[in-house]
Amino acid sequence: MQATRLTLICHAVTPLQKRGSFPDDESVAMDWQKAQLSLADRYKKNLRLLCGPEARTRQTAGMFGSLPIVDQALRDGDFGRWKGKGIDEIDRDELSAWRRNSASTAHGGESVDQVCARVGRWMKSLESQPGHVVAVTHPFVIRAAVLYVMQCPISMFYLIDVEPLSATELRFNQAWRLRLETHAWPHEHGKIHAP
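Residues numbered from 1 in each chain as written. Predicted model: local features only at pLDDT ≥ 70, side-chain atom pairs only at ≥ 80, totals over all residues. Heavy atoms only, no water.

The name given to the protein chain in an unreviewed UniProt entry is Histidine phosphatase family protein, with the source organism recorded as Pseudomonas lurida.

Okay, here's the thing in structure tokens:
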């Protein structure tokens, strides 16, 4: 049976991220129209390109291919009334309670538990779909996917940093695995030089 390869790409940085604010449906900070198809050769052509429904994921997906399919399972967490607000604009006690309790919906949106459950269902659905999936999505979704694969407790959620335009490789062949790719420096005289 052919394996499932899942490459999770975090969307490009946004103005709200630069300000340390909760996301809204904002565009990326770069000139995404000039960047279209700029990364199209990064992966082989026989892949399925998916993205979340937000502008920032659709614009970033355009760097990898011209026809990404929007998948609602890849949408960002719903931050309710905190959307677009800076951390300093939110009641400290509410914010602290939300970060400590993964079931909290203090903002009136989606809890971390709900995001993880949604992403877990999506990951399970990929197990019967062999081939390469490139999915452009959000830090919350990527964190949830890593927890699912590594079978970590949800308390580890905020210990995972996801950088803009980073790629996380996951593989399924009877079991999910996190795949860390190494890139050695060019070798000289048959010897590999590690960074």
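Let's pick the thread back up.
1. Overview of the overall build of the protein chain
When helices and strands are tallied, the protein chain shows 5 helices and 8 strands. Start at the N end of the protein chain and walk to the C end: the helices and strands fall as β-α-β-α-β-α-α-β-α-β-β-β-β. Relative to the globule expectation of 16 Å for 195 residues, the C-alpha radius of gyration of the protein chain, 18 Å, shows essentially globular dimensions. Dimensions of the protein chain along its principal axes, counting C-alpha atoms only, are 60 × 40 × 35 Å. Split into buried and exposed, the 195 residues of the protein chain put 44% on the buried side. The long-range share in the protein chain, meaning contacts at least 24 apart out of those at least 6 apart in sequence, stands at 67%. With an accessible surface of roughly 11,100 Å², the protein chain has 51% of that area assigned to carbon and sulfur atoms. Each charge sign in the protein chain was given a centre, from 25 positive and 22 negative side chains, and these centres are 6 Å apart. (Helix = DSSP H or I, 4+ residues; strand = E, 2+ residues; numbered from the N terminus. Rg over C-alpha atoms; globule rule 2.2 N^0.38 Å. Buried < 20%, exposed > 50% of the residue type's maximum accessible area, 1.4 Å probe, protein only. Contact = heavy atoms within 4.5 Å. Areas by Shrake-Rupley, 256 points an atom, 1.4 Å probe, with all protein chains shown as cover. Lys, Arg positive; Asp, Glu negative; His and termini not counted. Charge placed at Lys NZ, Arg CZ, Asp CG, Glu CD.)

2. What to know about unusual backbone geometry
Although it is not a glycine, Leu-165 sits at a positive phi angle of roughly 65 degrees. Following the sequence through the fold, Leu-165 ends up in the loop between α5 (139-150) and β5 (167-172). Look at Leu-165 and you get partly exposed, because its relative accessible area is 34%. Notably, Gln-174 is not glycine yet its phi reads approximately 75 degrees, a positive angle. Within the secondary structure, Gln-174 sits in the loop between β5 and β6 (176-179).

3. Points about the confidence of the model for the protein chain
Residues at a pLDDT of 70 or more form 92% of the protein chain, whose mean pLDDT is 90. A low-confidence stretch, residues 187-195 stays under pLDDT 50, and its non-local contacts, those more than four residues away or across chains, total 10 contacts. (pLDDT = per-residue confidence, 0-100.)

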